[in-house]
Amino acid sequence: MREPILKNGDYSLYGGNIRYAEGTQAVLERVLFRLRARRERFPFCDGLGSRLWQLSSLSPSQRASAAEQYVAEALADEPVQVEEVELSEGADGTAALTVRLVWENETLTAALEVQ
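Everything numeric in this text was worked out from a predicted model, so none of it was measured.

**Student:** What is the right way to read the pattern of salt bridges from this model?
**Tutor:** Any two side chains of opposite charge can pair if their charged atoms end up close together. Here the structure, examined in full by the defined rule, presents 6 salt bridges. E78 serves as the salt-bridge partner of R34, at 2.7 Å between the closest nitrogen and oxygen. You can see R34 sitting in helix α1 (residues 24-36) and its partner E78 sitting in the loop between α2 (60-74) and β7 (81-89), a full 44 residues away along the chain. Given the relative accessible area of 15%, R34 is considered buried. For R100, the salt bridge goes to E86, with nearest N and O atoms at 4.0 Å. Of this pair, R100 sits in strand β8 (residues 95-103) while E86 sits in strand β7, and the two are 14 residues apart along the sequence. Residue classification places R100 among the partly exposed positions, given a relative accessible area of 28%. Within the structure, one salt-bridge network assembled from shared partners comprises R30, R34 and E78.

**Student:** Would you mind showing me how to read α1 here?
**Tutor:** Two residues of an α-helix separated by three or four positions point the same way, owing to the 3.6 residues in each turn. Helix length check: α1 (13 residues) gives 18 Å between terminal C-alpha atoms against 18 Å at 1.5 Å per residue, within 8%. For α1, the complete set of buried residues consists of A26, V27, L28, E29, R30, V31, L32, R34 and L35. Buried residues along α1 sit against β1 (2-4), β2 (6-7), β6 (20-22), α2, β8 and β9 (106-114).

Criteria and thresholds
Residues numbered from 1 in each chain as written. Predicted model: local features only at pLDDT ≥ 70, side-chain atom pairs only at ≥ 80, totals over all residues. Heavy atoms only, no water. Salt bridge = Lys/Arg side-chain N within 4 Å of Asp/Glu carboxyl O. Helix = DSSP H or I, 4+ residues; strand = E, 2+ residues; numbered from the N terminus. Buried < 20%, exposed > 50% of the residue type's maximum accessible area, 1.4 Å probe, protein only. Expected span 1.5 Å × (residues − 1). Contact = heavy atoms within 4.5 Å.

All quantities given are derived from atomic positions and should not be read as evidence of function.
Here's what the structure looks like:
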């Protein structure tokens, strides 16, 4: 399995060619793409992406459980098991999301910023 590596929303290049990840790194690339992409923004792939971008519209007491739900939705079609979702909010309105997953008996950690 190979997945293109994305950096800041663009393909990562090396010598003018797209860089690819394989194995564990490919799974993490796909997971991060699904978590960062806004759900329902892809006309022919309604189920692709997450609703994490909606967290800021919820009350602070609802955000952690909503983050768990949104991560589960986004990764439902992936061959991973979500073990833990941790949301830590900063004073500047951003939040850090850490997702611990299991893929083929290996523990993976995906971390991203959510606004």
